[in-house]
Amino acid sequence: MDRIERLARYVMQDFGDNNIMVLCVLKGGYKFCSDLVESIKVLGRNSNKYLETRVEFIRLKSYLNDQSTEDLHIIGSRDLSFLRGKSVLIVEAIVDTGKTMKALLKHVETFEPKMVKVAGLLVKRVPHMAEGLTDYVGFEIPNHFVVGYALDYNEYFRDLNHICVISKTGKLKYKV
C-alpha cells in the first residue's frame, strides 16, 4: 500500500491539473486500480490539488495456462472514442514481455488521447522485456508466474490478498 501511495503521488505530479481518465485492464488490474484511484483521491483531499478521476474498464486476454499467447483479445467494446482529447492512465497489474501493453497502447492511440501514461504494479524482468512501456512501476519482480491480488492462473487465486509465486504442483493441478 505504501508503494501504491507513492505511485499515486507521481501520477498527481505528472497529470498536473488534468482530470484523469483511468483505463483499468481487467481482470487482473481491478484491485490495483481501485487502490491506486483511492490513493489519488485521498492525496487530493489532503491537499489543494484534487484531480477528478473517471474509471473505465477494458478486458484483455493474452494468456493460456502460464504462457503468453501471440493473440491479444479485447473482450467487450473495442470503441474507446471516449478517450479522445483526454489524459489517460492505463492501470495494469503486471507487464512482462510488453506484447499486450504495446498492442493496447497502439489501439488506445488510434482514439487520439491528449496523453497516455501506464501504471504497472508489477514489471517482470524477462528476456526481451519492453523497456519504457511503464511510466509508473510498483515492483520489478523475477520471471516467475505470480497469482493473488486479482492476478490469476486460469481464473484461480484472484481472491488472495497477497501476491505469491504459483508452484509447479499448482500449475499442474489447475491447468486447462
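Above this note sits the structure.
Residues numbered from 1 in each chain as written. Predicted model: local features only at pLDDT ≥ 70, side-chain atom pairs only at ≥ 80, totals over all residues. Heavy atoms only, no water.

Participant: Mind showing me how you'd approach the pairing of strand β4 (residues 87-95) here?
Facilitator: A regular strand carries its side chains on alternate faces of the sheet. Extensive coverage of β4 is indicated by the burial of eight of its nine residues. Pairing of strand β1 (residues 20-26) with β4, which is carried by five bridges, proceeds in the parallel orientation. The residue bridging Cys24 from the neighbouring strand is Val91, located in β4. (Buried < 20%, exposed > 50% of the residue type's maximum accessible area, 1.4 Å probe, protein only. Helix = DSSP H or I, 4+ residues; strand = E, 2+ residues; numbered from the N terminus. Pairing = 2+ DSSP bridges.)

Participant: When you look at the packing of aromatic side chains in this model, what are you seeing that I'm missing?
Facilitator: Given two aromatic rings, their pairing is described by the distance between the two centres and the angle made by the two planes. Throughout the structure, instances matching the rule amount to four aromatic pairs. Taken together, a centroid distance of 6.3 Å and an interplanar angle of 55° make the contact between Tyr156 and Phe157 tilted. Residue classification places Tyr156 among the partly exposed residues on the basis of a relative accessible area of 41%. Put simply, the rings of Tyr156, Phe157 and Tyr174 touch in pairs and so form one group of aromatic residues. (Phe/Tyr/Trp six-rings, centres within 6.5 Å; stacked < 30°, edge-to-face > 60°.)

Participant: When you look at the pattern of salt bridges in this model, what are you seeing that I'm missing?
Facilitator: Close approach of charged atoms allows side chains of opposite charge to pair. In the structure shown here, the tally under the stated rule is eight salt bridges. Residues Glu38 and Arg45 are paired through a salt bridge, measuring 3.5 Å at the closest nitrogen-oxygen approach. Take Glu38: its relative accessible area is 39%, and that puts it in the partly exposed class. Here Arg45 falls in the exposed class, since its relative accessible area comes to 55%. When the shortest N-O distance is used, the salt bridge between Arg125 and Glu140 registers 3.7 Å. Highlighted residues: Arg125 in the loop between β5 (115-124) and β6 (136-141) and Glu140 in strand β6, separated in sequence by 15 residues. With relative accessibility at 42%, the residue Arg125 sits in the partly exposed group. For Glu140, a relative accessible area of 46% translates into the label partly exposed. (Salt bridge = Lys/Arg side-chain N within 4 Å of Asp/Glu carboxyl O.)

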